[in-house]
Amino acid sequence: MIVGFGGGSAMDLAKLAAVLPGSGQTLHEVVGPEKVAGKRAALVQVPTTSGTGSEVGTRSLVTDPATRNKLAVQSVHMLADLAVIDPDLTLSVPPAVTAATGVDALAHCVEGFTSRKAHPTIDLYALEGARLVGRHLARAVADGGDREARAGMALASFYGGICLGPVNTTAGHAVAYPLGTRHHVAHGAACALIFPHTLAFNAPAVPERTAAVLTALGLPPATEPAAVFDAAYGWCAALGCEMRLSAYGVPEDDLPRMAEEAHAIRRLLDNNPRDIGRDDILSMYRAAY
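Because the structure is a prediction, the values reported are computed rather than measured.

Asks: I would appreciate a short explanation of helix 3 (residues 95-114) in the present structure.
Replies: Residues that lie three or four places apart on an α-helix share one face, since the helix turns once every 3.6 residues. Its 20 residues place the ends of helix 3 28 Å apart at the C-alpha level, agreeing with the 28 Å of an ideal helix rising 1.5 Å per residue. The buried fraction of helix 3 is high, at 17 of 20 residues.

This is how it looks when you write it as structure tokens:
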């Protein structure tokens, strides 16, 4: 039996440990959808953060050290046999990490809700997940010992993980990935920094759903991109999230290369409700710098 205990990276590694050793398959041979030959050990996932929802997902994401790109393995064989979600395990997560991972959970829900592949059943989980984040994340950041808030965020993360399976994420995650792979910005922090930019960009394509997202967060509903951006940016900043790329030491001359890499992540961008070009992504990076 393999036990994944930790955040998303630990649980993603556990998924691979449950299917690769003894299989004769290498990591690169299973990159993509449903290439894993089978499960070779029972898999138990125990999350210690409320963010990725990886405990109920079928994907494992690993950064290739040679190319600095995310390798995505997807297989039903990597679905956990048992997920143990205990909010008490998140009580010691520091405020900054609580905020960043919480916005990652929110991004899973919001991107699933606004995706071209959005589905009525998944919408239920996505919108309720966003509501839970709106209700509990600020409380969990302010008081890590607030068990009710921690339980609410654990459930929100779980709902976000459910959204990832049938629908998956869109531009928000694609634009966030190069921050982590190229400059080692933690995934949740990268998602928080990018979230207002992609939500506002997509607003013209999904105005009603964008307004519903803001309402779920307890913000005034809006559909005009500038108003959407201001609301989402202010909400993330109030949690204490760092909202400037320059603060992470990202060199400005790397922004074009980052935009190229993000634009190449078609498995996510093809789900985005609005076509997004390389120059659009570069504009987001420059606005966030």
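Picking up where we left off.
Asks: Honestly, the packing of aromatic side chains in this entry has me stumped. Any pointers?
Replies: Remark: the centre distance and the inter-plane angle together describe each pair of aromatic rings, the angle taken between the planes. Applying the stated criterion to the full structure yields 3 aromatic pairs. Ring geometry for tyrosine 125 versus tyrosine 159: centroids 5.4 Å apart, planes at 70°, classification edge-to-face. Of this pair, tyrosine 125 sits in helix 4 (residues 120-142) while tyrosine 159 sits in helix 5 (residues 147-164), and the two are 34 residues apart along the sequence. On the accessibility criterion, tyrosine 125 (31% relative accessible area) is partly exposed. Taken together, a centroid distance of 5.4 Å and an interplanar angle of 35° make the contact between phenylalanine 229 and tyrosine 233 tilted.

Asks: Even after reading the chapter, I still don't get the packing of helix 3 against helix 7 (residues 187-202), so can you show me in this structure?
Replies: Between two packed helices, what matters for the description is the angle formed by their axes and the separation of those axes. Orientation of helix 3 relative to helix 7, taken along the N-to-C sense of each, is 45°, at an axis distance of 7 Å. Considering the angle they form, helix 3 stands oblique to helix 7. Along this stretch, helix 3 crosses helix 7, giving a crossing that reads as left-handed. Of helix 7, the residues touching helix 3 (which contributes Ala100, Thr101, Val103, Asp104, Leu106 and Val110) are His187, Gly188, Ala189, Cys191, Ala192, Phe195 and Leu199. In the contact of helix 3 with helix 7, the residues fall into 9 nonpolar, 3 polar and 1 charged.

Asks: What exactly am I supposed to notice about the environment of glycine 180 here?
Replies: Counting through the fold element by element, glycine 180 comes out in helix 6 (residues 171-183). Exposure remark for glycine 180: the relative accessible area of 23% places this residue in the partly exposed category. In sequence terms glycine 180 and methionine 11 are 169 residues apart; their C-alpha atoms lie 18 Å from each other.

Asks: Looking at this model, I keep getting lost on a nonpolar patch on the surface. Mind explaining?
Replies: Residues Met1, Val3, Phe5 and Leu89 make up a contiguous nonpolar surface patch of about 420 Å² in total accessible area. Tracing the backbone shows methionine 1 in the segment before strand 1 (2-6).

About the thresholds
- Residues numbered from 1 in each chain as written.
- Predicted model: local features only at pLDDT ≥ 70, side-chain atom pairs only at ≥ 80, totals over all residues.
- Heavy atoms only, no water.
- Helix = DSSP H or I, 4+ residues; strand = E, 2+ residues; numbered from the N terminus.
- Expected span 1.5 Å × (residues − 1).
- Buried < 20%, exposed > 50% of the residue type's maximum accessible area, 1.4 Å probe, protein only.
- Phe/Tyr/Trp six-rings, centres within 6.5 Å; stacked < 30°, edge-to-face > 60°.
- Axes fitted to C-alpha atoms, helices over the stretch in contact; angles between N-to-C directions.
- Parallel < 35°, antiparallel > 145°, perpendicular 65-115°, else oblique.
- Left-handed = near helix turned anticlockwise from the far one by under 90°.
- Contact = heavy atoms within 4.5 Å.
- Nonpolar A, V, L, I, M, F, W, Y, C, P; charged D, E, K, R; others polar.
- Patch = residues over 30% accessible without salt bridge, like charges linked within 9 Å, V, L, I, M, F, W, Y side chains within 5 Å.
- Areas by Shrake-Rupley, 256 points an atom, 1.4 Å probe, with all protein chains shown as cover.
- Salt bridge = Lys/Arg side-chain N within 4 Å of Asp/Glu carboxyl O.

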